[in-house]
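# Notes for the structure review
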Amino acid sequence: MATMKDLRGDAPTWCPGCGHFSIMAGIQKSMIELGYEPHEFAIISGIGCSGKVSEYIRSNSFHTIHGRSVPIAQGVKMGNPNLKVIASGGDGDGYGIGLGHFVHASRRNIDMSYIVMDNSIYGLTKGQTSPRSEHGFVTKSASSENKEYPVDPVCTSIINGATFVAQGYSGNIKQLTHIIKRAIEHRGFSHVNIFSPCVTFNKVNTYDYYKERLISIEEPFHTRDAAIQSLREHHGLVTGILFEELRDDYQTKLGIDFDMQSVQSGEMDHERLTLMQERFK
Amino acid sequence: MRTSIEWMVGGQQGEGIDSTGELFARTLVRYGYSVSTYKQFMSRIKGGHTNYKLKATIQRNYYAGDEIDILLCLDKESLEKNESNLSKGALIIQEGTVENLIRNEEKQYDIFTVPLKKLASELGNPLAKNMIAIGISSALVDLPKELLNHFISEIFEKKGEEVIRTNIQAVAKGYELTTNFLSHLVSPLEKADLKDQLFMSGNEATAFGSLMAGCRFLSAYPITPASEIMEWLAKELPAVGGTVMQVEDEIAGICLAIGANYSGVRAMTSTSGPGISLKTEAIGMAGMSEVPIVIVNSQRGGPSTGLPTKHEQSDLQHMIYGTHGEIPRIVLYPSTIEEAFYIAAESFNLAEYYQCPVIVALDLGLSMNKMTVPSFNSKRVEIHRGKLLTEEELKLYKEDFFSRYRFTDDGISPRPLVGMKNGLHLTSSNEHGEDGYITEDPELRIKMMRKRLEKTKEAMIQEPFKLQSSTGISPKEVDILLVGMGSTFGAINEAMTKLNEQGRETYAHLHIQQLYPLPLEQLSDLFENKRIITIENNYTSQLLILLKQHLPIHNQAESIVQFDGNPFMIKTLLEQMKKVV
């Protein structure tokens, strides 16, 4: 069984106190507690502070480009259905530039986990408004306070058919680990949004902010509507597994006996070629 | 006795123009002729003029021809749009109330009006009206009816006895009409005997070649003229344990395919110009992170939405240079449908060997039009999976964390499959060290850039270009070299033959199939002491610019271009040649 040491990659460069540390620890603890070896995972990350997680966890990792971790991760899972695939990135990566992919991944239901480190700000580019920044939020990238309203990530994935939707908080690593473990084990697309304070640039959504406001639920809601209703009532500030549904994942539904990696060097399959040519005559 | 026939059916979209054309083309293929076709169509579902042109010859041909000997008009525009291309003594078949043959002396063609709809209804199958016209056409070139009947039974097998019977009767009706009204116009087509011919489009050949080379995954977004690649593989891949995914957008199209390649699968994406623009950032990622990927770009009329259903060759520079920063890449461009099969197969070998993006360029002319192709040879392209490591080989490295980007003599690093026990590694789009971790160290940066950008220098496909001249002329010793790429192959080749027949200057035809990296040594020898004329379907002479950039030919090279959305005709090519030479 893997230990924490086995899962340690490059030395993190996140700011001291950054919420992302707990999320990474949550992912690593989940891998250990579930009894997997590092090589059974593929961790695909996008760009931003959060995107560096693929370099910090020792596994099969791919540090990709901005907003595209989700489609790349789906391709990885299609290529090798035996892998446990985790895509990870920030709220700008997933709900800004990559929002389209997130919605489609939710309805497609490929068996993978998408873990979003939501700090409601662009950190690595030094503090611009993000798609999760609150209405009225003040940053240097806007001439006035934020006139837009934030994306609602969990209601989006719930309403678009994701079969596992949860929300966690960096300040509660016990609950976080529980959620991530369940997300990894869930067969289908699991979306985990995690409130992760940016201690350097976000002076609104701080640890204290979340401590005062978050409510936590023990059991998932029974219906998508109930989950959405509760989230609306609490301005989205609900943690726990919000909704789970058991449904065949995309690859199971295709019903194909997948065998994509085993192509061998050597001559083309002459018999197949001859057989397939017939239909062009 | 004629040695070729040029035939066209025209009508409104949605009227079965395509299927009528295809049926007659396949009939001629069965009789052993070489057949080339060209479809004109518009970006709408119903209505609008469309036509299907074919040329059948007794020897191999690669061009659907300039002229029309028999024109089947199912709408008014068919004659208006194509009248200038009718050959002397052409026959036009038109719907009319009674059978009647009218001679147009001034323009030297005949119009045969015939109540196709009424006759087909009388046979009990109004849909068979186009079959009557096929019967007339077949009789006009004296094709034996029996083989045609046999073919009809085969293609309508699933539709039942009744449909077969009425279609055979419709063809018989056509033969009868020819005997009764057009017997003086019958001109038999010399018998042909081309064996083992396949009839397919460039898209089908590309998809087929990819599958045979071990491609097991394609993710793409629908786009004309490339969609057929996705559709063909969607039907065929599940049987070999693979699949196609139609995804949300062009970016997902390439990203899923890159993900699958990363996990050790031969995977591809297919698109056209607007899609290649959107995929550009991901192409850069594949180059930087050294993940193989095959991208098929079937070019159409640009820029922007441009002419979505028309032919053009204007993405050359985008395919060669597009993406920020500098990456290794290979750009190939098959000259014929036959080559599309083999080059698609080779592209997967190159992508995996060099661990970089390989772009296979097609164009609408090549993608969507069918042609006869000799049966494929399973031995011509072997599958080579490059430096992909086995579990056993991996053990010998004894590495705790595999150095994915280790420096090697040829710049190509061994690659473990994701999921192998001893193969944990990091793949990255950031500048990285040998272990994959981010670096900004200037010395390491220089070494990594050299590793990536120099590794494809020796890349070479089996046939980086095709070079031909007329009988008795050595292509290396001609005065003028005509240089093209892609689907212009047939037209340039026939134009070259005609120019050599005129007997003033001597000409050869060079068709480049490996655009990047260019086979410079061979081209450099070839270009010496010759005039170079590129022939290309774009405004800015992109092929000429590319050649000038790499070879000292500035005082000896010029171009002929056409960018009206249509392929070159031989007559317009010859007219343009007159101006240049």
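Thresholds applied
- Residues numbered from 1 in each chain as written.
- Chains lettered and ligands numbered in written order.
- Predicted model: local features only at pLDDT ≥ 70, side-chain atom pairs only at ≥ 80, totals over all residues.
- Heavy atoms only, no water.
- Helix = DSSP H or I, 4+ residues; strand = E, 2+ residues; numbered from the N terminus.
- Rg over C-alpha atoms; globule rule 2.2 N^0.38 Å.
- Buried < 20%, exposed > 50% of the residue type's maximum accessible area, 1.4 Å probe, protein only.
- Contact = heavy atoms within 4.5 Å.
- Areas by Shrake-Rupley, 256 points an atom, 1.4 Å probe, with all protein chains shown as cover.
- Lys, Arg positive; Asp, Glu negative; His and termini not counted.
- Charge placed at Lys NZ, Arg CZ, Asp CG, Glu CD.
- UniProt positions renumbered as here; feature names shortened; annotations may be inferred.
- Domains from an automatic or database assignment.
- Buried area = accessible area lost by both parts, 1.4 Å probe.
- Salt bridge = Lys/Arg side-chain N within 4 Å of Asp/Glu carboxyl O.
- Nonpolar A, V, L, I, M, F, W, Y, C, P; charged D, E, K, R; others polar.
- Polar contact = N/O pair within 3.5 Å; in protein donor to acceptor, adjacent residues only side chain to side chain.
- Pairing = 2+ DSSP bridges.
- Arc of directions from axis to C-beta.
- Core = buried A, V, L, I, M, F, W, Y, C linked by side-chain atoms within 4.5 Å.

The name given to chain B in an unreviewed UniProt entry is Pyruvate ferredoxin oxidoreductase, with Salipaludibacillus keqinensis as the source organism.

An unreviewed UniProt entry lists chain A under the name 2-oxoacid ferredoxin oxidoreductase, with Salipaludibacillus keqinensis as the source organism.

## Let's talk about the overall build of chain A
A tally of regular secondary structure across chain A gives 11 helices and 10 strands. By the compact-globule yardstick of 19 Å for 281 residues, chain A fits well, its C-alpha radius of gyration being 20 Å. Taken over 281 residues, chain A has a buried fraction of 59%. Residue pairs in contact within chain A that sit at least 24 positions apart in sequence constitute 70% of those at least 6 positions apart. Looking at chain A as shown, the accessible area adds up to about 11,400 Å², and 52% of this sits on carbon and sulfur atoms. Averaging the positions of the 28 positive and the 31 negative side-chain charges in chain A gives two centres separated by 4 Å.

## Digging into helix H7 (residues 202-212) of chain B
Residue and element names in this part refer to chain B. The element H7 is extensively covered by neighbouring structure, given that 11 of its 11 residues are classed as buried. Gly 202, Asn 203, Glu 204, Ala 205, Thr 206, Ala 207, Phe 208, Gly 209, Ser 210, Leu 211 and Met 212 are the residues of H7 that are buried. One or two residues past the end of H7 sits Gly 214, with phi positive at roughly 100°.

## Some words on the UniProt feature "domain: Pyruvate/ketoisovalerate oxidoreductase catalytic" (unreviewed entry) in chain B
Per the UniProt record, "domain: Pyruvate/ketoisovalerate oxidoreductase catalytic" (unreviewed entry) is found at residues 14-176 of chain B. Note that residues 14-176 of chain B is 41% helix and 26% strand, and that its end C-alpha atoms are spaced 28 Å apart.

## Quick look at the domain arrangement of chain B
Residue and element names in this part refer to chain B. Domains assigned within chain B are domain 1 (4-185), domain 2 (199-374) and domain 3 (465-580). Centre-to-centre separation of domain 1 and domain 3, based on C-alpha positions: 35 Å. If you look at the interface, domain 1 gives eight residues, while domain 3 gives 10 residues. Carbon and sulfur atoms supply 52% of the area buried between domain 1 and domain 3, which totals about 780 Å² over both sides. In terms of surface lost to domain 3, no three residues of domain 1 exceed Tyr 62, Tyr 63 and Asp 66, which account for 62% of the buried area on that side. Linking domain 1 with domain 3 are one salt bridge. Lys 55 is the salt-bridge partner of Glu 494, the closest N and O atoms lying 3.9 Å from each other. The residue makeup of the side of domain 1 that touches domain 3, split by class, is three nonpolar, three polar and two charged.

## Description of the interface of chain B and chain A
Counting residues at the interface gives 73 residues for chain B, matched by 55 residues for chain A. Roughly 5,500 Å² is buried in total at the junction of chain B and chain A, and carbon and sulfur atoms are behind 63% of that figure. There are four salt bridges connecting chain B and chain A. At the junction of chain B with chain A, the criterion picks out 24 residue pairs in polar contact (both at pLDDT 80 or more). Among the elements that line the side of chain B that touches chain A, the one with the most residues is helix H9 (residues 250-262) of chain B, at eight residues. Grouping the constituent residues of the side of chain B that touches chain A by class yields 37 nonpolar, 22 polar and 14 charged. Taken together, the three bridges between strand E2 (residues 60-63) of chain A and strand E16 (residues 426-428) of chain B define a ladder with parallel strand orientation. Across the sheet, residue A:Ser61 finds its bridge partner in E16(B), namely B:Leu426.

## Section: helix H5 (residues 145-155) of chain B
Residues and elements named next belong to chain B. Within H5, the full set of buried residues consists of Leu 148, Asn 149, Phe 151 and Ile 152. Looking straight down H5, one finds its buried side chains confined to an arc of 160°; they lie on one side. Exposed and oriented more than 90 degrees from the buried face of H5 are Glu 146 and His 150.

## A closer look at the nonpolar core
Within soluble globular proteins, side chains that are nonpolar tend to cluster in buried spots. Residues and elements named next belong to chain B. With 87 residues, the main nonpolar core has Leu 515, Phe 527 and Leu 547 as its most contacted residues. When residues in this core are grouped by element, the largest group, nine residues, is from H9. One finds Ala 205, Leu 218, Tyr 342 and Met 371 within the second-largest nonpolar core, a separate group that totals 49 residues.

## Section: the side chain of A:Arg58
On the secondary structure map, A:Arg58 appears in the loop between helix H2 (53-56) and E2. Apart from residues lying up to four places away in sequence, A:Arg58 is in contact with A:Asp6, A:Leu7, A:Arg8, A:Gly9, A:Pro38, B:Asp400, B:Phe401 and B:Leu424.

## Looking at the UniProt feature "domain: Thiamine pyrophosphate enzyme TPP-binding" (unreviewed entry) in chain A
The UniProt entry lists residues 48-194 of chain A under the feature "domain: Thiamine pyrophosphate enzyme TPP-binding" (unreviewed entry), expressed in the numbering used here. Taken end to end, residues 48-194 of chain A comprises 35% helix and 23% strand; its first and last C-alpha atoms sit 15 Å apart.

## Points about the pattern of salt bridges
Under the criterion given, the structure shown has 47 salt bridges over all chains. Notably, a salt bridge pairs A:Arg272 with A:Asp269, separated by 3.7 Å at the nearest N-O pair. Since its relative accessible area comes to 30%, A:Arg272 is described here as partly exposed. Judged by relative accessible area, which is 37%, A:Asp269 ranks as partly exposed. Residues B:Lys451 and B:Glu290 are paired through a salt bridge, measuring 3.2 Å at the closest nitrogen-oxygen approach. With a gap of 161 residues between them, B:Lys451 in helix H15 (residues 442-454) and B:Glu290 in the loop between helix H10 (273-289) and strand E12 (293-299) connect regions that are remote in the sequence. B:Lys451 sits in the buried class, given a relative accessible area of 5%. Under the relative-accessibility criterion, B:Glu290 is labelled buried at 0%. Several salt bridges share partner residues, and in doing so they unite B:Glu6, B:Lys53, B:Lys55 and B:Glu494 into one network.

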